[in-house]
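Working through the structure, step by step
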Protein chains: 4
Amino acid sequence: MCRFLVGNISLLHQDTISHGFTQVYKGKSEILLSHLILDPAHSILTQSYDSRLRLDRRRPHNGDGFGVGYYTAPALGPEPCIFTSTIPAWNCINLERLASKTVSKLVFAHVRATTEGNLSDSNCHPFRCGSLMWMHNGGIGSWRHVKRRLAASLGDEWFLGVQGSTDSEWAFALFLDSLHKAGYDPSGDAGEGGFGHTVLRKAILKTIERINAFIAEIPAHLKGADEDARSLLNFAVTDGHSVVCTRYV
Amino acid sequence: MCRFLVGNISLLHQDTISHGFTQVYKGKSEILLSHLILDPAHSILTQSYDSRLRLDRRRPHNGDGFGVGYYTAPALGPEPCIFTSTIPAWNCINLERLASKTVSKLVFAHVRATTEGNLSDSNCHPFRCGSLMWMHNGGIGSWRHVKRRLAASLGDEWFLGVQGSTDSEWAFALFLDSLHKAGYDPSGDAGEGGFGHTVLRKAILKTIERINAFIAEIPAHLKGADEDARSLLNFAVTDGHSVVCTRYV
Amino acid sequence: MCRFLVGNISLLHQDTISHGFTQVYKGKSEILLSHLILDPAHSILTQSYDSRLRLDRRRPHNGDGFGVGYYTAPALGPEPCIFTSTIPAWNCINLERLASKTVSKLVFAHVRATTEGNLSDSNCHPFRCGSLMWMHNGGIGSWRHVKRRLAASLGDEWFLGVQGSTDSEWAFALFLDSLHKAGYDPSGDAGEGGFGHTVLRKAILKTIERINAFIAEIPAHLKGADEDARSLLNFAVTDGHSVVCTRYV
Amino acid sequence: MCRFLVGNISLLHQDTISHGFTQVYKGKSEILLSHLILDPAHSILTQSYDSRLRLDRRRPHNGDGFGVGYYTAPALGPEPCIFTSTIPAWNCINLERLASKTVSKLVFAHVRATTEGNLSDSNCHPFRCGSLMWMHNGGIGSWRHVKRRLAASLGDEWFLGVQGSTDSEWAFALFLDSLHKAGYDPSGDAGEGGFGHTVLRKAILKTIERINAFIAEIPAHLKGADEDARSLLNFAVTDGHSVVCTRYV
């Protein structure tokens, strides 16, 4: 049974959505990043812990890297600015200084709890391509059997663009490939209003569909234990105008 | 004989001043930080090397940390935003991303060539206190004999504020102490126009005078070899409005 | 009332002592560092948290840096080898690889929970001077009033040797100064058997005595609130042969 | 025309071989790592620069990461210990401390000059699998067209083992796959004498042969400009006993 939700945050004003270790802000007015990231009342740093994600209970739950992405004044171009950190967010003096001096109308923030991929700037969310920004809270089930199928299904441009080793970045490549195959240019300028939430929503649903198809192809005897085989596909994507989130367990 | 210069950059418009490894921009219109920092034509990363500074010729000359400070829209407060990096600037992906999405009317940038203090974020210029920002290209002569005298001469607040181990940060503490003893509150809000260049200039001259007095106190037999005893006091200070630079050899 | 303990670990064989975030191993045979540091059963990474230390309960308790020091075969000299990390120990791939390939008969390990000093390699314990190694679990009470007094009391060599900004490193400088004033050369070679536990014990007691004297000098109205004024002086020092630990609350 | 060389360093005693940014030591007696890495006379840090490698002449030539791998006493197992650093070697205090306290009979050291893959611990050589260690000085020609072909040709285990984004690590995966297809278990214990130089040499020649076949498959119109299409396949591999190096231009 499918239980998923596609949220269109562009309908919301002045609000934040968070699931697990990710946080999205989209509002009519600009927010100071430090309000979103560092203040105890809102911060994803102090959010309660999503136990379904935690694989290794001996380790702290949010120390595997951090990232924040935000859109600037249109004059500086449609691409978001990304700041990532492999030291924990609570110790990153640059993050603290930048967040207290940066405002934006649309912010993504992400704290990593490793499920796949080692500690590296290349593995920190959000990921970016052109004006698009992507983050993922969760994991792709049976990843070691999905990875080759997913990689083989991608156009060259998206295959070559992957820099790190996380399933989340490969899922983003799959999203970009799906958007491209739907007739859009993910790395180009989408124009004043962006791609629009309908286009983004369709591409993200296609992405989930393709992931499920890869998993369905895996011979039963190769699938791992229950926990490893389950996917948690909480994605958030934005083009700087529309935000689409999925909650798929 | 004294050969020094106090430049008041606030008289200049749309221009950059650089000496050695530091770079100052102050203009009527905003500059994109990446133009200042990363573009080959202007960049301090590609500046020629000041041979007087280089103590250890076996090492690359600008790989000991990097920092950039800039003032934001007044609504975000009078303090500058500081970004420092202990990995070399040319490899710092965060710097590249931030610089291409950040504009400012007043920017300080600094590349460290170690003379004193190890590799640490705490040792990267520019240093900040309230709305003031400070950087130094050079070194204080006979530092091991000056340090105690300098530290002992400081008020508690400035003594305790030193976080790193560079002579440059101690010189900044001395500047703050001099400004304070002249009747100003360095960590407070200096108001709409800042402290003004006259106040900053007097405080920086006082700083140099005090450093020279500490050096004069050192018994001749304790002073080091010629090279170590020479000071190179190229300071730059700003309150977000006026910029004062010294060139003192 | 004084409640303290000076443990002489050299009386113990094949054993580890841990208090708070520090861990000492001294044995007749070599231990693989990963057994001490990374194995869940012994690891200081999983040790329970000392609530007296925790100042900011919103932050994880052991993510402010890590360090390990160990003595090698005598042919490589009497100094310990130190490895420090500003990324959390649980994420440090170098630590994991080195610990699984390094053995020693005498190991110090330390996880920082910040009380004083920012995140920097220079602030990670253990600190080293010649053959001596030092770590501290706790803090010096009324530090902002003690720091100047402590610094002023030190000989030049120990004053200039401080690289970071922690009270723990200044306490080590005080220990070195005390050892020196007792007639020993802390940075020199102490010979085959080291300084001996009597010498180390006397110097560490002198260090505590001097700290208490500095605190006693502070005018009552300047002392901070109760929590800030209390010292927690759990020190461990070794010369590669004897280990002395204090527990002073 | 093929111009290559396969060196079998196990024939040499007490000697080092270096090409470009890599350095190999294999000797009958142990060497202190700091002699190999940090001393000006031998150090790869001060080696002259191989101009064929340098793509971007505005950047320093050896600041893109560093790695050293060495074998320990057999009692600690057949795998090498690897230390990597994304800060430049000349600034890495841990490297300096470890190198002065570590000895080994077989050492690989590598300084990265980026041709492919961003700054990340995962991209630093040497790469390791079981008892095998690998490094590469150069690049695979027409990499964007070779990558998919190379990835598709690998067995699952080697495909999934790649953690970073360098052509060098993929070449190592290809070597492991070639060794495996020749009937050996790369990740297993090869026994007392290792795989032997004949086996390693055959596998490395097979690796080069396969790379050349991938390049030959690329349609002529897709191949890049001359510079990009040329391969520089200077590999070094060891199992802890034999060392095989190639020089293939």
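So, how was this worked out
- Residues numbered from 1 in each chain as written.
- Chains lettered and ligands numbered in written order.
- Predicted model: local features only at pLDDT ≥ 70, side-chain atom pairs only at ≥ 80, totals over all residues.
- Heavy atoms only, no water.
- Helix = DSSP H or I, 4+ residues; strand = E, 2+ residues; numbered from the N terminus.
- Expected span 1.5 Å × (residues − 1).
- Buried < 20%, exposed > 50% of the residue type's maximum accessible area, 1.4 Å probe, protein only.
- Contact = heavy atoms within 4.5 Å.
- Least-squares fit on C-alpha atoms with pLDDT ≥ 70 in both.
- Buried area = accessible area lost by both parts, 1.4 Å probe.
- Salt bridge = Lys/Arg side-chain N within 4 Å of Asp/Glu carboxyl O.
- Polar contact = N/O pair within 3.5 Å; in protein donor to acceptor, adjacent residues only side chain to side chain.
- Nonpolar A, V, L, I, M, F, W, Y, C, P; charged D, E, K, R; others polar.
- Axes fitted to C-alpha atoms, helices over the stretch in contact; angles between N-to-C directions.
- Parallel < 35°, antiparallel > 145°, perpendicular 65-115°, else oblique.
- Left-handed = near helix turned anticlockwise from the far one by under 90°.

1. Looking at helix α6 (residues 197–217) of chain A
All names here are of chain A. With 21 residues, α6 should reach 30 Å at 1.5 Å per residue; the first-to-last C-alpha distance of 30 Å fits that figure. Of the positions making up α6, those classed as buried are V199, L200, A203, I204, T207, I208, R210, I211, F214 and I215. In this structure, the buried residues of α6 make contact with β8 (132–139), α3 (143–152), α5 (167–181), β9 (232–238) and β10 (243–248).

2. Details of the relation of the copies chain C and chain D
Taken together, a rotation about one axis and a shift along it account for how the two chain copies relate. Between the two copies, chain C and chain D, the superposition gives an RMSD of 0.0 Å; the rotation angle is 180° and the shift along the axis is 0.0 Å. With respect to symmetry, the two chain copies, as superposed, fit the operation of a two-fold axis. Here 100% of the interface residues in chain C have copies in chain D that are interface residues too; the copies meet face to matching face.

3. Notes on the relation of the copies chain A and chain B
Relative to chain B, chain A is turned by 180° and slid 0.0 Å along the rotation axis, the superposed coordinates differing by an RMSD of 0.0 Å. A share of 100% of the interface residues of chain A reappears at the interface of chain B, consistent with the copies meeting face to face through the same patch.

4. Looking at the interface of chain A and chain B
At the interface, 20 residues of chain A touch 20 residues of chain B. A combined buried area of about 1500 Å² lies between chain A and chain B, and 58% of that area is made up of carbon and sulfur atoms. Inspection of the chain A/chain B interface yields 2 salt bridges. The partner of E79 of chain A in a salt bridge is K101 of chain B, and the shortest N-O contact between them spans 2.6 Å. Taken together, the links from chain A to chain B amount to 10 residue pairs in polar contact (both at pLDDT 80 or more). Of all the secondary-structure elements, those providing two or more residues to the side of chain A that touches chain B are β5 (81–85) and α2 (93–99) of chain A. Classifying every residue of the side of chain A that touches chain B by side-chain character gives 11 nonpolar, 5 polar and 4 charged.

5. A word on the packing of helix α3 (residues 143–152) of chain D against helix α5 (residues 167–181) of chain D
All names here are of chain D. It is the contact of α3 with α5, at a shortest axis distance of 11 Å, that shows an interaxial angle of 30°. Judged by the inter-axis angle, α3 sits roughly parallel to α5. The crossing of α3 and α5 is left-handed. Taken together, the residues of α5 that come into contact with α3 (itself represented by W143, K147, L150 and A151) are D167, W170 and L174. A class-by-class count of the residues in the contact of α3 with α5 yields 5 nonpolar, no polar and 2 charged.

6. Some thoughts on the pattern of salt bridges
Counting across every chain of the model gives 24 salt bridges over all chains. D156 of chain A serves as the salt-bridge partner of R148 of chain D, at 3.1 Å between the closest nitrogen and oxygen. Taken together, the positions of R148 of chain D in helix α3 and D156 of chain A in helix α4 (residues 156–161) put the pair across two chains. Residue classification places D156 of chain A among the partly exposed residues on the basis of a relative accessible area of 35%. Residues participating in the shared-partner salt-bridge network are D177, K181 and R210 of chain A.

7. Remarks on the interface of chain C and chain D
One frequently used descriptor of interface size is the decrease in accessible area upon assembly of the parts. Contact with chain C, which involves 20 residues of that partner, is made by 20 residues of chain D. Of all residues in chain C, L76, R97 and K101 of chain C bury the most surface against chain D, accounting for 41% of the area lost on that side. Applying the counting criterion to the chain C and chain D interface returns 2 salt bridges. By residue class, the composition of the side of chain C that touches chain D is 11 nonpolar, 5 polar and 4 charged.

8. A few points about the packing of helix α3 (residues 143–152) of chain C against helix α6 (residues 197–217) of chain C
Residue and element names in this part refer to chain C. Direction vectors running N to C along α3 and α6 enclose 125°, while the axes themselves pass 9 Å from each other. As judged from the angle between their axes, α3 and α6 are oblique. For the element pair α3 and α6, the recorded crossing hand is right-handed. Contacts between α3 and α6 involve V146, R149 and L150 from the first element and F214, I215 and E217 from the second. Partitioning the contact of α3 with α6 into residue classes produces 4 nonpolar, no polar and 2 charged.

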